[in-house]
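Observations on the model geometry
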Amino acid sequence: MNPVLTTIVLLTCSNVFMTFAWYAHLKELNNKPWIIAALASWGVALLEYLFQVPANRIGYSVMSLGQLKILQEVITLSIFVPFAVLYMKESLKLDYLWAGLCILGAVYFIFRSEIH
């Protein structure tokens with residue numbers, strides 16, 4: 001499989017786990033002591049790292065560190081917005097669009113040497 005595509009797939013999986021590790025406890029464990037939430041999040045974060053570490057190693061073989069980071073941010077926002085709206089029941093805000101456009105600008109600047 002293409003290393004860029006492999007990186008994207010693995011980072012997407014990693015981000016799903018990361019998002020749940022970081023934020024799901026706010027909904028699911030909000031009545032538990034913070035240490036319980038921290039330990040549960042740590043367990044989920046381990047799954048995140050099992051995808052993230054190989055993704056970054058594969059991605060770094062074909063992308064610069066900056067490109068890899070910006071790709072991560074694009075995927076993060078792509079996972080976070082549906083999570084916030086569908087799982088956390090937050091309202092869809094126009095600010096997500098503006099944030100996405102800012103990240104799109106970052107994508108342009110970090111990958112422009114590849115485009116030209």
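For the structure, see preceding data.
Predicted, not measured: the structure shown is a model, and the values here were computed from it.

**Observations concerning the pattern of salt bridges**
Scanning all chains against the criterion turns up one salt bridge. Of the charged contacts, one joins Lys69 and Glu73 as a salt bridge, the two residues approaching to 2.7 Å between their closest N and O atoms. Separated by four residues within a single helix, Lys69 and Glu73 lie in helix 3 (residues 65–87), roughly one turn from each other. The exposure class assigned to Lys69 is partly exposed, which follows from its relative accessible area of 47%. On the basis of relative accessibility, which here comes to 29%, the residue Glu73 falls in the partly exposed class.

**So, the packing of helix 1 (residues 3–28) against helix 2 (residues 34–60)**
Running from N to C, helix 1 and helix 2 cross one another at 165°; their axes reach a closest spacing of 8 Å. Comparing the axis directions of helix 1 and helix 2 gives the class roughly antiparallel. The handedness of the crossing between helix 1 and helix 2 comes out as left-handed. Of the residues assigned to the contact of helix 1 with helix 2, the class counts are 16 nonpolar, eight polar and one charged.

**Let's talk about the nonpolar core**
For soluble globular proteins, nonpolar side chains are generally found buried alongside one another. The biggest cluster of nonpolar side chains holds eight residues, and these are Leu10, Leu11, Ala55, Met63, Leu68, Leu71, Ile75 and Ile79. Those elements that place two or more of their residues in this core are helix 1 and helix 3. Among the elements that line this core, the one with the most residues is helix 3, at four residues. When sequence neighbours within four positions are dropped, the list of residues in contact with Met63 reads Thr7, Leu68, Leu71 and Phe111.

Cut-offs applied
Residues numbered from 1 in each chain as written. Predicted model: local features only at pLDDT ≥ 70, side-chain atom pairs only at ≥ 80, totals over all residues. Heavy atoms only, no water. Salt bridge = Lys/Arg side-chain N within 4 Å of Asp/Glu carboxyl O. Helix = DSSP H or I, 4+ residues; strand = E, 2+ residues; numbered from the N terminus. Buried < 20%, exposed > 50% of the residue type's maximum accessible area, 1.4 Å probe, protein only. Axes fitted to C-alpha atoms, helices over the stretch in contact; angles between N-to-C directions. Parallel < 35°, antiparallel > 145°, perpendicular 65-115°, else oblique. Left-handed = near helix turned anticlockwise from the far one by under 90°. Nonpolar A, V, L, I, M, F, W, Y, C, P; charged D, E, K, R; others polar. Core = buried A, V, L, I, M, F, W, Y, C linked by side-chain atoms within 4.5 Å. Contact = heavy atoms within 4.5 Å.

Distances and angles like these do not, on their own, reveal function.
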